[in-house]
Structures are given as C-alpha cells and as structure tokens.
Amino acid sequence: MTVIDIPGSKSVTARALFLAAAAEGTTTLLRPLRSDDTEGFAEGLKALGYAVRQEPGAWHIEGRPAGPGADEADVYCRDGATTARFLPALAAAGHGTFRFDASAQMRRRPLGPLTTALRELGVDLAHGEREGHHPLTVRAHGIKGGAIRLDAGQSSQYLTALLLLGPLTAEGLAITVTDLVSEPYVEITLAMMRAFGARVAREDGPEGRTYTVAPTGYRATTYAIEPDASTASYFFAAAALVPGAAVTVPGLGAGALQGDLGFVEVLGRMGADVEIGASGTTVRSTGTLRGLTVNMRDISDTMPTLAALAPFADGPVRIEDVANTRVKECDRLDACAENLRRLGVGVATGPDWIEIRPGTPAGPAEIATHGDHRIVMSFAVTALRTPGITFDDPGCVRKTFPDFHPVFAAFARKP
C-alpha cells in the first residue's frame with residue numbers, strides 16, 4: 001500500500017484566498033497549495049493592496065471588507081483562470097481603477113458571461129482588446145446588487161465569482177442560472193462561503209435555479225485546505241492500472257468538498273477496488289479494467305485522466321457531455337485524441353464526446369502538452385505501461401503540482 005500526500009486543492013485555495021481577502025479580520029489558511037496558479041492569485045491580492053504573509057504550511061491574509069487597499073493597480077493573472085475570473089469581481093466591490101491582464105493562453109479563454117453580468121450590476125468595465133477576454137479594466141465604485149441571469153454552461157467559475165461577490169454588495173444578489181457545468185465546484189463555493197459566515201439560499205424554478213446571497217460580508221477564520229482531488233486522480237488511475245498496486249490518499253474521504261473525488265467511482269465501475277473512508281480514499285488494482293460509457297460533465301477536469309487510462313480497458317471507453325473541456329488551458333478533447341493517435345490508439349471525437357478503443361499504446365512518442373498541466377499528468381499514467389513517452393513541456397505541471405514528476409516517479413518505482 002502506497003500512501004500519497006497530495007498537495008492542497010487549487011480550487012479550494014483560490015476560493016479561500018478570495019474569502020480571506022474579503023473577510024473582517026485576519027484569516028489563516030492551513031496547507032494551501034503552493035503552485036504557479038495560487039502564487040499568482042496571492043500576488044494579485046498583494047497588487048490590489050491586501051496584506052498576505054506566506055510561511056511554510058500557512059498563509060495569513062488581512063481582510064479588507066471595503067475592497068482593495070490600493071486605489072489603482074495592475075494585476076497580471078498569469079495562466080490562472082481562478083485569478084483571472086475571481087479577482088476582477090473582488091476588485092469591483094471596492095473603489096478604484098484596476099487593470100487586469102494574463103498570459104496568451106489565458107487571454108484566449110472566455111470571460112464574456114462574467115463580465116456581461118458585472119456590467120448588468122453597474123460595474124464600469126472595459127475589455128482592452130477582444131470583447132469577452134483579457135485584458136480588462138475595472139473602474140470600481142462598489143456594487144448595489146440586484147437580480148441577474150447567467151449562462152454558466154461554459155464554466156462554473158462565472159457563477160462562483162458572482163456568488164463570492166454577493167455578500168460584498170450593498171443589497172445582496174440573486175443569480176438565476178440557465179445552464180451550469182461542473183456543478184460540484186459550485187457546491188465547494190457554497191460550503192466555503194458559509195464557513196466564512198455568508199448566507200446563501202438556492203431555489204429551483206421554471207426559469208432555472210436561483211441563488212440568493214444576503215449582503216452579510218464575511219468573517220475571518222482559520223481554514224484547512226483539503227488535498228486536490230483532481231491531482232489525486234492520476235495516482236488513483238495509476239493504482240487501477242498497475243497489477244498489484246494500491247494507493248491511499250489521506251484527507252480525501254466521504255466528507256470531501258471536491259466533486260472530482262467522484263472519479264474513483266468511475267474506476268470502480270471499470271473494475272478497480274475502491275474504498276472511500278471517513279479520512280481517506282484507497283484504490284486497488286484488481287487486474288481488470290472494463291470499458292464503459294460515462295457522463296463526466298460534473299467531473300470534467302478528470303476527463304484527460306480517464307482518456308489516458310482508457311486504451312488499457314477491455315472494451316471501448318466513451319466519455320460524454322464534456323464540451324467545456326474544449327475551452328480549458330487547451331482544447332482537451334482534441335489534445336487527448338491527438339496524443340492517443342500518436343501512440344497508435346483508435347479514437348473518435350464529437351463536439352462533446354470522445355471514444356477510445358482498446359489497444360496497446362506504442363512508444364516512443366512525444367506528447368504534445370499544449371502547455372496544459374493536466375495533459376502531462378494524465379499521460380504520465382499511460383507512460384507507466386508505455387516505454388518511450390516524453391513531453392514537449394513537462395514543466396507546465398508547476399501550474400498545480402510543481403513536484404509532480406519526482407513524486408509520480410517515486411510511486412512508479414515502488415513494488
């Protein structure tokens with residue numbers, strides 16, 4: 001049995017940084033993820049005038065309920081989608097002029113539904129080049145609140161940014177969602193908001209689901225960051241693939257916030273032995289991997305993990321309802337198909353699905369990563385049974401797990 005200490009969740013760390021910055025008092029975050037994305041978020045907060053003190057295993061943030069301490073700032077969001085989508089919403093609740101830009105990769109990713117919603121709430125916001133994309137300028141003068149409609153079918157982060165903003169408005173916020181992808185990430189947001197003192201109600205109606213957020217503000221707290229379930233998926237997949245292997249991830253158990261832990265249920269359907277306990281999850285190989293058809297709309301960040309594992313199943317693996325993976329760090333559906341074909345595996349794709357036929361991947365081959373950390377980490381699983389796999393940009397794992405390669409290699413060497 002191998003016990004893997006997975007770094008803190010990127011999604012939870014980003015939300016916790018927003019909440020801490022907005023709260024009354026000083027918040028301590030325990031075991032935050034230290035990666036390019038989260039460092040970028042913390043640097044963005046500092047640029048906006050928030051006091052952030054980072055030490056090993058704990059970050060301390062002095063909250064500013066009235067908004068950024070700076071009245072003018074330039075924020076570079078790097079590759080981070082949470083930084084690029086959450087920080088403009090946080091800044092909009094304050095007063096000042098705040099300019100946001102991001103990497104070329106992040107500039108390509110859409111912001112439109114979020115910035116349209118902010119404008120409907122009265123935010124003075126301008127895109128610097130292409131409408132609906134970074135760079136953008138927010139001229140903030142506080143937000144009254146009100147009722148808006150939102151299409152979150154591309155990304156649940158649009159909804160999360162607005163939910164996080166709600167308690168900072170003068171009169172509260174009612175958000176009616178007409179479409180929503182990756183709903184478990186919204187459940188993370190709601191649970192964390194409540195832990196910081198917010199009040200949120202949810203009601204399903206004929207026009208969609210409405211989230212009503214009271215203008216309570218937030219209260220500082222000490223908050224422990226749970227391990228990243230998306231990152232854990234690569235080790236769980238490896239345990240299912242390698243005969244005789246077993247992996248336990250402590251801190252991700254039955255009460256985990258992250259929906260991506262549901263990936264282990266997919267592995268269970270394929271034949272792996274899965275045990276979700278109160279304080280951790282274990283996956284063991286049974287020597288069997290069955291083909292299946294699975295809807296991964298709610299756990300789409302683990303789609304590449306399953307695609308990389310799929311050739312070793314005894315029948316086709318069809319992954320459905322994952323159109324939103326086409327607007328992530330890269331078009332992940334096409335990237336997975338391209339790389340599997342390089343390895344001689346039969347693949348078919350459609351607008352929102354991919355089907356992988358069983359076959360033995362053959363190296364040597366260089367994986368085209370497209371600068372996407374999840375493509376690298378997923379095909380590291382394939383490489384366990386395929387000699388000769390290399391990556392054109394192995395270092396892009398710094399986005400979420402800078403030490404991934406040595407940790408995964410150490411796992412692979414264990415009997």
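Bear in mind the structure is a predicted one, so any value in this text is a computation, not a measurement.

Colleague: Talk me through the nonpolar core; I want residue IDs and the actual numbers.
Modeller: Side chains that are nonpolar tend, in soluble globular proteins, to be buried together. With 76 residues, the main nonpolar core has Leu159, Leu162 and Tyr218 as its most contacted residues. The element contributing the most residues to this core is helix H1 (residues 10-22), with nine residues. With sequence-adjacent residues up to four places away left out, leucine 162 is seen in contact with Leu114, Ala117, Leu118, Leu121, Ile148, Leu150, Leu173 and Ile175. Ranked by size, the runner-up nonpolar core spans 66 residues in total, among them Val247, Val283, Val294 and Met296.

Colleague: Can you tell me about the pattern of salt bridges, naming the residues and giving the values?
Modeller: One pass over the structure, following the stated rule, counts 31 salt bridges. The closest approach of N and O atoms between arginine 34 and glutamate 39, which form a salt bridge, is 2.4 Å. The shortest N-O distance in the salt bridge between aspartate 372 and arginine 332 comes to 2.7 Å. Of this pair, aspartate 372 sits in the loop between strand S23 (365-367) and helix H12 (373-383) while arginine 332 is found in helix H11 (residues 332-342), placing the two residues 40 residues apart along the sequence. Residue classification places arginine 332 among the buried positions, given a relative accessible area of 1%.

Colleague: Hey, could you go over the side chain of threonine 305 for me, with residue numbers and the actual values?
Modeller: One can find threonine 305 in helix H10 (residues 303-309). Polar contacts involving the side chain of threonine 305 include one to the side chain of serine 233, which spans 3.1 Å. With sequence-adjacent residues up to four places away left out, threonine 305 is seen in contact with Ser233, Tyr234, Ala237, Phe263 and Ser378.

Colleague: Give me the lowdown on helix H2 (residues 36-47), citing residues and values where you can.
Modeller: Look at H2: 16 Å from first C-alpha to last across 12 residues, which is about the 16 Å you get at 1.5 Å a residue. Residues of H2 that are buried: Asp37, Thr38, Glu39, Gly40, Phe41, Ala42, Gly44 and Leu45. Glycine 49 sits one or two positions beyond H2 and adopts a positive phi of about 100°.

Colleague: Got a sec to walk through helix H9 (residues 263-270)? Specific residues and values, please.
Modeller: Of all the residues in H9, the buried ones are Phe263, Val264, Val266, Leu267 and Met270. Buried positions in H9, seen along its axis, are confined to an arc of 150° and lie on one side of it. Considering only its buried residues, H9 is in contact with helix H8 (229-241), strand S17 (273-276), strand S18 (280-284), strand S19 (292-295), H10 and strand S20 (317-320).

Colleague: Would you mind going over the sheet that holds strand S15 (residues 222-224) in detail, with residue names and values included?
Modeller: One open sheet holds the four strands; their spatial order is S4-S5-S3-S15, and the pairing between them is mixed. Of all strands in the sheet, those with a lone pairing partner are strand S4 (51-55) and S15, marking the two edges. Mean inter-strand twist for the sheet, computed between neighbouring axes without regard to direction, equals 15°. Contacts from H1 reach strand S3 (26-30), strand S5 (58-62) and S15, with the element oriented near 30° to S5.

Colleague: Got a sec to walk through the sheet that holds strand S16 (residues 246-250)? Specific residues and values, please.
Modeller: Pairing is mixed across the open sheet formed by four strands, whose spatial order is S1-S16-S18-S17. Strand pairing shows two members of the sheet lacking a second neighbour, strand S1 (2-3) and S17, which therefore form its edges. In the sheet, S1 pairs with S16 via two bridges, with the strands oriented parallel. Residue valine 3 lies in a different strand from S16, and its bridge partner there is threonine 248.

Colleague: Could you give an account of unusual backbone geometry, naming the residues involved and the relevant values?
Modeller: Omega for the bond connecting histidine 134 with proline 135 falls within 30 degrees of zero, at 5°, which places this linkage in the cis form. The omega torsion across glycine 363 and proline 364 is -5°, close enough to zero to call that bond cis. Along the chain, proline 364 falls in the loop between strand S22 (354-356) and S23. Even without a glycine there, the phi angle at aspartate 321 is positive, about 65°.

Colleague: Describe the state of the cysteines, and please don't skip the residues or the numbers.
Modeller: A full pass over the atoms with the stated rule returns zero disulfides. The thiol of cysteine 330 is not disulfide-bonded; the next cysteine sulfur, from cysteine 336, is found 7.6 Å away. Assessed through its relative accessible area of 10%, cysteine 330 is described here as buried.

Colleague: So what about the packing of aromatic side chains? Which residues, and what values?
Modeller: The full count for this structure, using the stated rule, is eight aromatic pairs. With a centroid separation of 6.2 Å and 80° between ring planes, the pair formed by tyrosine 234 and phenylalanine 404 is classed as edge-to-face. Remark: phenylalanine 404 occurs in helix H13 (residues 404-413) and tyrosine 234 occurs in helix H8; sequence separation between them is 170 residues. Grouping residues by exposure puts tyrosine 234 and phenylalanine 404 together as buried. Ring geometry for phenylalanine 408 and phenylalanine 411: centres 5.9 Å apart, planes at 45°, overall tilted. Separated by three residues within a single helix, phenylalanine 408 and phenylalanine 411 lie in helix H13, roughly one turn from each other. Looking at phenylalanine 408, the relative accessible area reads 6%, which means it is buried.

Calculation notes
- Residues numbered from 1 in each chain as written.
- Predicted model: local features only at pLDDT ≥ 70, side-chain atom pairs only at ≥ 80, totals over all residues.
- Heavy atoms only, no water.
- Core = buried A, V, L, I, M, F, W, Y, C linked by side-chain atoms within 4.5 Å.
- Buried < 20%, exposed > 50% of the residue type's maximum accessible area, 1.4 Å probe, protein only.
- Helix = DSSP H or I, 4+ residues; strand = E, 2+ residues; numbered from the N terminus.
- Contact = heavy atoms within 4.5 Å.
- Salt bridge = Lys/Arg side-chain N within 4 Å of Asp/Glu carboxyl O.
- Polar contact = N/O pair within 3.5 Å; in protein donor to acceptor, adjacent residues only side chain to side chain.
- Expected span 1.5 Å × (residues − 1).
- Arc of directions from axis to C-beta.
- Pairing = 2+ DSSP bridges.
- Axes fitted to C-alpha atoms, helices over the stretch in contact; angles between N-to-C directions.
- Disulfide = S-S within 2.5 Å.
- Phe/Tyr/Trp six-rings, centres within 6.5 Å; stacked < 30°, edge-to-face > 60°.

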